[in-house]
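Fold and contact review
Read off the chains here:
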Amino acid sequence: MRHRIGAPVICYPVNNLPPADVAAYSAARNGWRKVTDVRVPPREARCFEVPA
């Protein structure tokens, strides 16, 4: 089966979206560290929990 490549479909008016506050996102990530990673092979469903 081949997928057909077509034009993207926009489902909402992108001109009305507010600009992203990249500085705030960067500030929120300060001090983060990677503790583990989860690898999911293609076509396999897996779940993971994130403590609140």
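Now for a look at the structure at hand. As the structure is a prediction and not an experimental result, all values here were calculated from the model. (Residues numbered from 1 in each chain as written. Predicted model: local features only at pLDDT ≥ 70, side-chain atom pairs only at ≥ 80, totals over all residues. Heavy atoms only, no water.)

What follows deals with a nonpolar patch on the surface. The grouping of I10, Y12, V14 and L17 at the surface amounts to a nonpolar patch, some 410 Å² of accessible area in total. Its place among the elements puts Y12 in the segment before helix 1 (22-29). A relative accessible area of 48% means that Y12 is categorised as partly exposed. (Patch = residues over 30% accessible without salt bridge, like charges linked within 9 Å, V, L, I, M, F, W, Y side chains within 5 Å. Areas by Shrake-Rupley, 256 points an atom, 1.4 Å probe, with all protein chains shown as cover. Salt bridge = Lys/Arg side-chain N within 4 Å of Asp/Glu carboxyl O. Helix = DSSP H or I, 4+ residues; strand = E, 2+ residues; numbered from the N terminus. Buried < 20%, exposed > 50% of the residue type's maximum accessible area, 1.4 Å probe, protein only.)

Another aspect to go through is the environment of A20. In this structure, A20 sits in the segment before helix 1. Sequence separation between A20 and V40 is 20 residues, and the spatial gap between their C-alpha atoms is 29 Å.

A word on the pattern of salt bridges. Applying the stated criterion across every chain, the model contains three salt bridges. R39 is paired through a salt bridge with D37; the nearest N and O atoms lie 3.8 Å apart. Judged by its relative accessible area of 65%, R39 falls in the exposed class. Its salt-bridge partner being R46, residue E44 comes within 3.3 Å of it at the nearest N-O pair. E44 sits in the partly exposed class, given a relative accessible area of 43%. On the basis of relative accessible area, R46 is assigned to the partly exposed category, the value being 48%. Among the charged side chains, a salt-bridge network with shared partners connects K34, D37 and R39.

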